[in-house]
Amino acid sequence: MATTSGAGHPLPYDTYRDAVERETRRFAETVSGADPASPVPSCPDWTLADLTRHVGALQRWFCTLLTRQVQEPPRSRDVELGLPGDARDYAGWVAAGAAEVSAVLRDTDPLAAMWAWGEDQHARFWVRRMLFETLVHRVDAERAVGRETDIEPVLAADGVDEFLVNLPFAGLFAPGVTALRGDGETLAFRCTDSGGATGEEWRVRLDRDGFRLLPRTGGDAASRQDTAAVGGRAADLLLLLYGRRSYREPVFDVSPGGPVLDRWFSHTAF
């Protein structure tokens, strides 16, 4: 699989396919037996029923796109969901859909040309996107029911990459992104943990006409004068970018640059 930003990204297609199945089953197990009316703190105004319906519907929608290998933006998102009438059955509905998802991903050519809203115009875009949609919402569900959460560092680092690579194209559904501007300020996001993610860094520059992810370069990151930098475990960085954590939490090592970070996070939520 070709890379879109740095060495090692994206991951091999089979890694995504297998991880989607694991994350889907873990999500279903998390919400099974829980009160569907329970609030989901990280998704304001959503209940577990809302979250579960969203995950199951989104997976079925992505599978429809992959099966049809759409070549232009779809005009409708209508798809047969088979949604149970009782929200208490939603967990089983998601779990039952995992087999169909696995079959579609197994039959998908990751290099097949497809329309996608992000940078990579191939089927592999949607499988990678499906993984991180499912993974982050699995964390949402675990937190909602009071469970401990964990994310594999290698997957988390790839999720950081996927988010930042595609963010410039997200204005379609996150209009705040299109208003993110600056005067040449640079932000750095750095992984500090083990598991293959140590030392990974992503740098973004804010310009007057927008923002962009900078090419990876060698050298000592500590010697650069970035306007702001956030260091942390890959899992924490992923949840930070998705608005599930705050850079003010002590798990992050943050250089001066609060106003730039505040501007970043106020425009990149989706």
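Notes on the structure in this doc start here. Because the structure is a prediction, the values reported are computed rather than measured. Along each chain, residue indices are assigned from 1 in the same order as the chain's sequence is written. Whole-chain, interface and lining totals are the exception, using all residues; otherwise, since this is a predicted model, local features are given only for residues with pLDDT of at least 70 and side-chain atom pairs are given and counted only at 80 or more. Where side-chain values are given, they derive from all heavy atoms of the structure, hydrogens and water being excluded.

**A look at the overall build of the protein**
Stage number 1. Counting from the N terminus, the helices are DSSP H or I runs at least four residues long and the strands are E runs at least two residues long. Regarding its fold elements, the protein presents 7 helices and 5 strands.
Stage number 2. Along the protein, helices (α) and strands (β) appear in the sequence α-α-α-α-α-β-β-β-β-α-β-α when read from the amino end.
Stage number 3. When its C-alpha atoms are laid out on the principal axes, the protein stretches across 55 × 40 × 35 Å.
Stage number 4. Residues counted as buried form 50% of the 270 residues belonging to the protein. Exposed residues in this analysis have more than 50% of their type's maximum accessible area, buried residues have under 20%, and partly exposed residues fall in between, with area computed by a 1.4 Å probe over protein chains only.

**Things to note about the nonpolar core**
Stage number 1. Here, nonpolar core refers to any group of buried Ala, Val, Leu, Ile, Met, Phe, Trp, Tyr and Cys residues whose side-chain atoms link them within 4.5 Å. Formed by 65 residues in total, the largest nonpolar core has its most connected members in W126, L164, F189 and W264.
Stage number 2. Considering each element in turn, this core owes the most residues, 10 residues, to helix 4 (residues 123-144).
Stage number 3. Two residues qualify as a contact provided that any one of their heavy atoms is within 4.5 Å of a heavy atom in the partner residue. Excluding anything up to four places from it in sequence, W264 contacts L164, L167, L180, L187, F189, V204, L206, F211 and L241.
Stage number 4. Grouped together as the second largest cluster of nonpolar side chains are 12 residues, A28, C43, L51 and V94 included.

**Details of the environment of T52**
Stage number 1. Structurally, T52 can be placed in helix 2 (residues 48-68).
Stage number 2. What makes T52 buried here is its relative accessible area of 3%.
Stage number 3. T52 sits 85 residues away from H137 along the chain, and the two C-alpha atoms are 8.8 Å apart.
Stage number 4. Those residues in contact with T52 that sit more than four places away from it in its chain are F27, V31, Y90, A91, W93 and V94.

**Quick look at the sheet that holds strand 5 (residues 253-254)**
Note on sheets: strands pair through backbone hydrogen bonds, and any given pair is parallel or antiparallel.
Stage number 1. Paired strands are those between which DSSP finds at least two bridges. Ordered by their spatial adjacency, 5 strands build an open sheet running 3-2-1-4-5, and the pairing between neighbours is mixed. Of all strands in the sheet, those with a lone pairing partner are strand 3 (210-213) and strand 5, marking the two edges.
Stage number 2. The pairing of strand 2 (residues 201-207) with strand 3 spans 4 bridges and is antiparallel. Bridge pairing links L206 to F211 in strand 3.

**Comments concerning helix 4**
Stage number 1. Given a helix with a known number of residues, its expected span is that number minus one, times 1.5 Å. Here helix 4 spans 32 Å end to end across 22 residues, near enough to the 32 Å set by a 1.5 Å rise per residue.
Stage number 2. When you tally the buried positions in helix 4, you get 20 out of 22 residues, the bulk of the element.
Stage number 3. G146 sits one or two residues past helix 4 and shows a positive phi near 80°.

**Topic: the pattern of salt bridges**
Stage number 1. Basic side-chain nitrogens of Lys or Arg form a salt bridge, by our definition, when they fall within 4 Å of a carboxyl oxygen of Asp or Glu. Per the stated rule, a full pass over the model turns up 28 salt bridges.
Stage number 2. When the shortest N-O distance is used, the salt bridge between E142 and R138 registers 3.0 Å. Linking E142 with R138, this pair stays in helix 4, spanning 4 residues, or about one helical turn. Each member of the pair, E142 as well as R138, is classed as buried.

**Some thoughts on the layout of surface pockets**
Stage number 1. There is about 670 Å³ of room inside the largest pocket.
Stage number 2. Of all the elements in the fold, those that place two or more residues in the lining of the largest pocket are helix 2 and helix 4.
Stage number 3. Class assignment for the residues of the lining of the largest pocket results in 17 nonpolar, 4 polar and 4 charged. Using a grid of 1 Å spacing that covers the protein atoms alone, one calls a set of points a cavity when a 1.4 Å probe fits there but cannot get out, and a pocket when the set is open and has protein on both sides within 12 Å along at least five of seven lines; lining residues are those with an atom within 4 Å of a point. Grid points are joined across faces, edges and corners, and a volume is the space filled by probe spheres set on the points. Amino acid classes used here: Ala, Val, Leu, Ile, Met, Phe, Trp, Tyr, Cys and Pro are nonpolar; Asp, Glu, Lys and Arg are charged; the rest, including Gly, are polar.

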